[in-house]
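# Tertiary structure, described
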Amino acid sequence: MKDYDLIVIGGGSGGVRAARRAAACGARVLLAEGADLGGTCVNVGCVPKKLFYYAATLGTTLSNIGAYGYPNATVGDFSWQTLLENKNTEIQRLNVIYQNLLQNSGVEIVKGMATLKDGNTITINNTEYCGAHILLACGGEPIRPPLPGAELAALSDDLFYLKKFPKKVIMIGAGYIALEFAGIFNGLGADTTLCYRADLPMRGLDIDLQQRLATGIAATGITLRPGSTPQQLTQNDTPPNTSTELHLQDGTVLSADLVVFATGRRPRTSALNLAAAGITPTKNGTLAVDENYRTSNANNAPVYALGDLINTPALTPVATNEAEVFVRRLFGNDTQATVDYKAVPTAIFSQPGIATTGISEHAAAEQGIDIEVQTSSFKPMKSSFAGSSSESYIKLISARDSNKVIGAQMLGDDAAEIMQGIAVAIKAGATTADFHGTVGIHPTSAEEFVTL
Ligand code: NDP
């Protein structure tokens, strides 16, 4: 048995950041990880997804270049195998970088699945490790709804290792993952259908953005099926047209060679033996924590949790910010450190893309905040020159009493890149006058935010 100041379970975005920062503060740190370092973000999430997204949008770019003087340019054949191999090489490179970052910081890495023995002890491969503090940073996992035949569908983790590129795909759900992968499959040439229960995709967005998103997605060639509730899946093994069949509650049967559940994620805690530390998850599976990220547990155990395990936005930058604050509070004597959850910017790498920060119109109404809303829609120069009718859309939401901008939204090209800067302005307390008084960069889509 060895003793540590901090044991971190989980080598993803939050766990790696916490381990490195704690070690930099002089703590003796052990990090346990059962799979590749980097967690969901690096291995089966943000990073490989963005590479696939780039591949998918390259096709759109190339199909527009005739107007730019390349009349004979063709996209040519797409090789899924090449994309997959190059993606795997890149991810392996990042796995090594993560390992080096940890080792160079003095963190001891143990490969294997960790379980809690009690509030200070974990077990990995029958060896016990003792820590003054234990941080749970095990992230989340995709949910497979309990429907008959559900095992016939893929989950998002599987999409990063498909042996064969599908000709026909059905995505179930209309959240982040469904929209992003629908855009990827469609962009790379698959016949793609999006089945979702609601009337509009991406619950939680303001309705005007949802409507424009649905119009924009449909314009890319994806078939939208709102009001579709899945009931069961079956396998049709009659050659030559073997397929997976999705039965909807209204009696419709759709078939495809790949059906994907993109129906949410849950904290990955089932193998942890939380009860050994007196921890009981909340109703939605997340762990309740205080401002130090210490779990509420019956044993008063020094066990902490962050990232996708707790009830904050399940986003990599949120997890890394939480890790910073966790370490500053525990090892840096900085009891004032906090994460600002009010204006967390986020982007959906759908096509068209969406990015938002701060409060939405409907959330402002729910909270009784009197707001002023300014919007603008416009045709971005790059695609309209090539004959595309696609429109970008931006929205600024300000509090009427203070004129402070408290929310911003964008649909269209470069939304994610533009929104990061807007998020800084909002965090700094910029008013509508500050936005209007800022000189634009011309000609860009971003300047629309200062010329409203
Ligand atoms: P989301 O919560 O975003 O969306 C889940 C979707 O599944 C919703 O459309 C929901 O529909 C639907 N759904 C849920 N249960 C069922 C069911 N039983 N049958 C049919 N449909 C169902 O989850 P994701 O899995 O897409 O993403 C999980 C999280 O991961 C996100 O919330 C985000 O925090 C993070 N993420 C972030 C990304 C980014 O930053 N770009 C990218 C990918 C993930 P309904 O509205 O009807 O409930």
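Residues numbered from 1 in each chain as written. Predicted model: local features only at pLDDT ≥ 70, side-chain atom pairs only at ≥ 80, totals over all residues. Heavy atoms only, no water.

## Here we look at the packing of helix α3 (residues 46-63) against helix α6 (residues 176-187)
- It is at 8 Å that the axes of α3 and α6 come closest, and there the two elements cross at 40°. Classified by the angle between their axes, α3 and α6 sit oblique to one another. Note on packing geometry: the crossing formed by α3 with α6 is left-handed. Together, Lys49, Phe52, Tyr53 and Ala56 of α3 and Glu180, Phe181, Gly183, Ile184 and Gly187 of α6 make up the contact between the two elements.
- Classifying every residue of the contact of α3 with α6 by side-chain character gives 5 nonpolar, 2 polar and 2 charged. (Axes fitted to C-alpha atoms, helices over the stretch in contact; angles between N-to-C directions. Helix = DSSP H or I, 4+ residues; strand = E, 2+ residues; numbered from the N terminus. Parallel < 35°, antiparallel > 145°, perpendicular 65-115°, else oblique. Left-handed = near helix turned anticlockwise from the far one by under 90°. Contact = heavy atoms within 4.5 Å. Nonpolar A, V, L, I, M, F, W, Y, C, P; charged D, E, K, R; others polar.)

## Structural notes on the packing of aromatic side chains
- Enumeration over the complete set of coordinates arrives at 13 aromatic pairs.
- Each ring, one from Trp80 and one from Phe165, has its centre 5.4 Å from the other, and the planes form 50°; the classification is tilted. Placement of Trp80 in helix α4 (residues 80-104) and of Phe165 in the loop between α5 (156-159) and β9 (168-172) is noted, with a sequence separation of 85 residues between them.
- Sitting over the face of the ring of Tyr161, Lys87 holds its NZ or CZ atom 4.2 Å from the ring centroid.
- We note Arg212 situated over the ring of Tyr393; from NZ or CZ to the ring centre the distance is 3.9 Å. (Phe/Tyr/Trp six-rings, centres within 6.5 Å; stacked < 30°, edge-to-face > 60°. Lys NZ or Arg CZ within 6 Å of the ring centre and 35° of its normal.)

## Re the nonpolar core
- Grouped together as the largest cluster of nonpolar side chains are 53 residues, with contacts concentrated most on Ile9, Val29, Leu116, Ile122, Leu135, Leu136 and Phe326.
- Formed by 40 residues, the second largest nonpolar core is a distinct cluster that contains Phe52, Val169, Ala262 and Ile354. (Core = buried A, V, L, I, M, F, W, Y, C linked by side-chain atoms within 4.5 Å. Buried < 20%, exposed > 50% of the residue type's maximum accessible area, 1.4 Å probe, protein only.)

Geometric descriptors of this kind do not, in isolation, establish any biological role.
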